[in-house]
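Chains, contacts and geometry: an overview
Here's the letter readout for the chains.
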Amino acid sequence: MSTKEKLISHVMKEEPVGSRNKVTVVGVGMVGMASAVSILLKDLCDELAMVDVMEDKLKGEVMDLQHGSLFLKTKIVGDKDYSVTANSKVVVVTAGARQQEGESRLNLVQRNVNIFKFIIPNIVKYSPNCILMVVSNPVDILTYVAWKLSGFPRHRVIGSGTNLDSARFRHLIGEKLHLHPSSCHAWIVGEHGDSSVPVWSGVNVAGVSLQGLNPQMGTEGDGENWKAIHKEVVDGAYEVIKLKGYTSWAIGMSVADLVESIIKNMHKVHPVSTLVQGMHGVKDEVFLSVPCVLGNSGLTDVIHMTLKAEEEKQVQKSAETLWGVQKELIL
Amino acid sequence: MRQGNLKSAIMSSVLQKLISPLASTPAEPPRNKVTVVGVGQVGMACAISILLRDLCDELALVDVMKDRLKGEMMDLQHGSLFLKTSKIVADTDYAVTANSRLVVVTAGVRQQEGESRLNLVQRNVNVFKSIIPQIVKYSPNCTLVVVSNPVDVLTYVTWKLSGLPKHRVIGSGTNLDSARFRFLMAERLGIHASSFNGWVLGEHGDTSVPVWSGANVAGVNLQKLNPEIGTDDDSEQWKATHKAVVDSAYEVIKLKGYTNWAIGLSVADLTESIIKNMSRVHPVSTMVKDMYGIGEEVFLSLPCVLNSSGVGSVINMTLTDAEVGQLRNSADTLWGIQKDLKDV
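Every chain is numbered independently, its residues counted from 1 as its sequence is written. Each chain gets a letter, beginning with A, and each ligand a number, beginning with 1, in the order they are written. Totals for whole chains, interfaces and linings use every residue, but because this is a predicted model, local features are given only for residues with pLDDT of at least 70 and side-chain atom pairs only at 80 or more, for both listing and counting. Only hydrogens and water are removed before side-chain values are computed, so all heavy atoms of the structure are retained for them.

As named in an unreviewed UniProt entry, chain B is L-lactate dehydrogenase, taken from Notothenia coriiceps. Of the comments in the UniProt record for chain B, the one headed Pathway (unreviewed entry) reads "Fermentation; pyruvate fermentation to lactate; (S)-lactate from pyruvate: step 1/1." Regarding chain B, the UniProt comment filed under Catalytic activity (unreviewed entry) reads as follows: "(S)-lactate + NAD(+) = pyruvate + NADH + H(+)". UniProt positions are given in the numbering used here, feature names are shortened, and annotations may be inferred rather than shown by experiment.

The name UniProt gives chain A is L-lactate dehydrogenase A chain, with Notothenia neglecta as the organism. According to the UniProt record, the Pathway comment for chain A is "Fermentation; pyruvate fermentation to lactate; (S)-lactate from pyruvate: step 1/1." Database annotation for chain A, UniProt heading Sequence similarities: "Belongs to the LDH/MDH superfamily. LDH family."

Our focus in this paragraph is the state of the cysteines. The term disulfide is used for any two cysteine sulfur atoms that are within 2.5 Å. Evaluation of the coordinates by the stated rule reveals zero disulfides over all chains. C46(B) supplies the cysteine sulfur nearest to C56(B), a cysteine that is in no disulfide, at a spacing of 12 Å.

Looking now at the domain arrangement of chain B. Residues and elements named next belong to chain B. An automatic or database domain assignment supplies the start and end points of every domain. The domain architecture assigned to chain B consists of domain 1 (33-171) and domain 2 (174-339). One C-alpha centre belongs to domain 1, the other to domain 2; they are set 23 Å apart. Any two residues whose heavy atoms approach within 4.5 Å at even a single point are treated as in contact. Across the boundary between the two partners, domain 1 contributes 37 residues, which contact 42 residues of domain 2. Of the roughly 3,500 Å² buried at the junction of domain 1 and domain 2 (both faces included), carbon and sulfur atoms supply 67%. Salt bridges are defined as contacts in which a side-chain nitrogen from Lys or Arg sits within 4 Å of a carboxyl oxygen from Asp or Glu. Between the two partners, domain 1 and domain 2, sit one salt bridge. E297 serves as the salt-bridge partner of K160, at 3.1 Å between the closest nitrogen and oxygen. In the analysis that follows, any N or O atom pair within 3.5 Å is treated as a polar contact, provided that within protein one partner can donate a hydrogen and the other can accept it, and provided that, for residues neighboring in sequence, both atoms belong to side chains. Remark: the boundary between domain 1 and domain 2 carries six residue pairs in polar contact (both at pLDDT 80 or more). A run of H or I in DSSP counts as a helix once it spans at least four residues, and a run of E counts as a strand once it spans at least two, with each numbered from the N terminus. Elements represented by at least two residues in the side of domain 1 that touches domain 2 include exactly α2 (41-52), β4 (102-105), β5 (143-146), α5 (151-162) and β6 (169-171). Think of it as three bins: nonpolar holds Ala, Val, Leu, Ile, Met, Phe, Trp, Tyr, Cys and Pro, charged holds Asp, Glu, Lys and Arg, and polar takes everything else, Gly as well. In terms of residue class, the side of domain 1 that touches domain 2 is made up of 19 nonpolar, nine polar and nine charged. We define buried area as the total accessible area lost by two parts upon association, computed with a 1.4 Å probe and summed across both.

This brings us to the UniProt feature "binding site: NAD(+)" (unreviewed entry) in chain B. Per the UniProt record, the feature "binding site: NAD(+)" (unreviewed entry) sits at G38(B), V39(B), G40(B), Q41(B), V42(B), G43(B), D63(B), N124(B), V147(B), S148(B) and N149(B). Lining residues of the largest cavity drawn from the annotated list: Q41(B). Relative to the helices and strands, Q41(B) is located in helix α2. Ignoring anything within four residues of it in the chain, the contact list for Q41(B) reads M30(A), Y246(A), R68(B), R110(B), Y258(B) and N260(B). If sequence neighbours within four positions are ignored, S148(B) has contacts with V105(B), T106(B), A107(B), F128(B) and L154(B). A polar side-chain atom of S148(B) sits 2.6 Å from the main-chain carbonyl oxygen of A107(B). A pocket here means an open set of points on a 1 Å grid, computed over the protein atoms alone, that has protein on both sides within 12 Å along at least five of seven lines. A cavity is instead a set of points where a 1.4 Å probe fits but cannot get out; residues with an atom within 4 Å of a point line either one.

Before going further, it helps to spend a moment on a nonpolar patch on the surface. Patch definition: residues with relative accessible area over 30% and no salt bridge; like charges joined within 9 Å; nonpolar side chains (Val, Leu, Ile, Met, Phe, Trp, Tyr) joined within 5 Å. For accessible areas, the Shrake-Rupley method is used with a probe of radius 1.4 Å. Any residue's cover is judged against the shown protein chains and nothing else. On the surface, V53(A), M54(A) and F118(A) cluster together into a nonpolar patch covering about 320 Å² of accessible area. Relative to the helices and strands, M54(A) is located in the loop between β2 (47-51) and α3 (55-66).

With that out of the way, let us pick up unusual backbone geometry. Residue P138(A) is reached from N137(A) by a cis peptide bond, and omega for that bond is 0°. The topology assignment puts P138(A) in the loop between β5 (131-134) and α5 (139-150). Even without a glycine there, the phi angle at N225(A) is positive, about 50°. With respect to the secondary-structure elements, N225(A) resides in the loop between α7 (210-213) and α8 (227-244). The backbone of S279(B) sits at a positive phi, close to 55°, despite the residue not being glycine. Tracing the sequence through the fold places S279(B) in the loop between α9 (261-275) and β12 (280-287). Categorising residues by exposure relies on relative accessible area from a 1.4 Å probe, with only protein chains included: less than 20% of the type maximum marks a residue as buried, more than 50% marks it as exposed, and the intermediate range marks it as partly exposed. Its relative accessible area of 38% is what places S279(B) among the partly exposed residues.

pLDDT measures the predictor's confidence residue by residue and takes values from 0 up to 100. Within chain B, residue pLDDT values average 93, and 95% of them lie at 70 or more. On the interface metric, ipTM, the complex scores 0.94, and its pTM is 0.94.

Once that is clear, we can look at the UniProt feature "active site" in chain A. Residue and element names in this part refer to chain A. The positions UniProt marks with the feature "active site" are H192. With respect to the element layout, H192 can be found in the loop between β7 (188-190) and β8 (196-198). Within the structure, H192 has its side chain in polar contact with the backbone oxygen of G161 (distance 3.2 Å).

Before going further, it helps to spend a moment on the sheet that holds strand β7 (residues 196-197) of chain B. Residue and element names in this part refer to chain B. Pairing between strands requires that DSSP locate at least two bridges from one strand to the other. Strand order in this open sheet of three strands is β7-β10-β11, and the pairing throughout is antiparallel. Single-partner strands in this sheet number two, and they are β7 and β11 (220-221). Bridging between β7 and strand β10 (residues 216-217) involves two bridges; their strand directions are antiparallel. Each residue of the ladder has a partner; that of N197, found in β10, is N216.

All names here are of chain B. Helix span is expected to be 1.5 Å times the residue number reduced by one. The end-to-end C-alpha distance of helix α8 (residues 239-256), which contains 18 residues, comes to 26 Å, matching closely the 26 Å that a straight helix rising 1.5 Å per residue would cover. Listed in full, the buried residues belonging to α8 are T241, H242, V245, V246, S248, A249, V252, I253, L255 and K256. At the exit of α8 stands G257, carrying a positive phi of roughly 100°.

On to the interface of chain A and chain B, then. Each partner contributes residues to the interface: chain A has 65 residues there, and chain B has 65 residues. Regarding the contact of chain A and chain B, the summed buried area is about 6,200 Å², with carbon and sulfur atoms giving 69% of it. Among the residues of chain A in contact with chain B, H67(A), F71(A) and W249(A) are the three that bury the most area, contributing 13% of the side total. Connecting chain A to chain B are six salt bridges. One salt bridge connects E239(A) with K70(B), and the closest N-O pair in it is separated by 3.6 Å. Only α1 (3-7), α2 (30-41), α3, α6 (163-177), α7, α8 and α9 (249-263) of chain A provide two or more residues apiece to the side of chain A that touches chain B. Looking at the side of chain A that touches chain B, the element that brings in the most residues is α3(A), giving nine residues. Taken together, the residues that form the side of chain A that touches chain B break down as 29 nonpolar, 20 polar and 16 charged.

So, in structure tokens, the structure goes:
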């Protein structure tokens, strides 16, 4: 008898059930790994699968995480072959090229579309009922691409969108008011990128509208120059990239925040990228961030924002820019 | 690295209308501040693990690389909505580390592919000479956790350079080796790492000592079930599992260029015991002179009780003669290097 047999008697006659809350992260770059470690440290899933094309890097990252198993509550697996991702509840796609210093997100498009043509069908093959979360940039366009390539209904294809922009916004507002960001309510919607829309009318603390205290807030004429805070959000990513080469921690935590709402069926509202055709005067099939309800079925509902005319125009303009790029894509 | 005065001035009108201050006392100093020295892959993995486990009310980062340091700080701050550590600061000036309860030292150069930990020594001693006195200057009551390799030698160096009592200078030691050991052994048995109890002691590195006599699951001693366990005669070759632990770091480095997640998680584990005054037992590197017949001032990993004083006490292991012999050999090897170090 082996030591194991002397120690342990197996008493269950059936096949083991396996995991019930599996999450896959596609891409073991800086964003993928930050997302993975945030998900692991928040105990969100019972199994985490990692996939990538770079075999050695993938194996090394999986081993490094597994060596921390004593401190975690999740089974960690990884392989180049997508069969390792089978039966995932949520698949987070971080794969693709990232912005170089000074490069805009839109520049990355065609490179990342080609990568998605390989990835998305593989995900769908092994987890036909999963919820797809797209993080790779330009996220709004790539969420559209993932939607088209997967054939999934729109409620199961979500872009991480302006969840991060809003987090940065709330952090900056919190710094100014000496409050924790979670007590500063503020929404950035629209494109995750240079033309994102800060909804000034909604910014509040304890229900007190800040624009009510300062009606010029967000305009050029504002003596307090609140508009600069939004500019700092837009510039935020570029600045971090310039200083450390890439961003990872904030987006990783924001991804875990979204995965948590989905896995725990919280029905929490997040600004994420979804199909906005027919809303806010948008006519084309584009994905932009609006406040959405997330649960274990995916993105089930959208909150109707009351936007000012100027804000609606900005959303429509983003939609036009994105459609301009999308219609040239070869899918 | 705070924002300029302009912004604070321009926001004051809304701030004044919105909020009525009640207490005009100065800001409270932090109660559970942690500093991480070094914002390389290991330092940042320690930082994110500590943040996501809600272990401190203030986190300070220090490094010599100014831009990278600022970028890492900003990236963490941008996630503050999702965290409960209200203050994340960073500077090349050690003043930013003042009043830390715990300082984690990850700075230094790392092993290259195929390079042994012992080869790094003198390079890292010189780095530590610029770091340790600064830390102690600003946080004279802190506990120091040394992670940089070769960790046992550098913990000794840190102890010498800091002038702190030995119970407040700890090396991350074999906390990670033991975690890897428990994972790999548990995998073979089909159970979770936390259900496999096994200790790897001594040197964090090639000559670490797996204490087979203590290995157990639910109190059932594995060596009693298999008296050959850990020996070359063992048909099941359990010894190979310990070898895999020793080889782990080299393998991960070969595959991805460095290791960071496991060490980060293991440091957060130690941080938790110290900050929360838990008195949990961890295998960490401590001063072992006069134990097990060791005559020199070397640091090796033994099971230590960690709490807010640092190393509260050390567990007296019942080791076999062979295991004691291995510890003595490690001590000799380490002393062989330490005695030749300059300026310590």
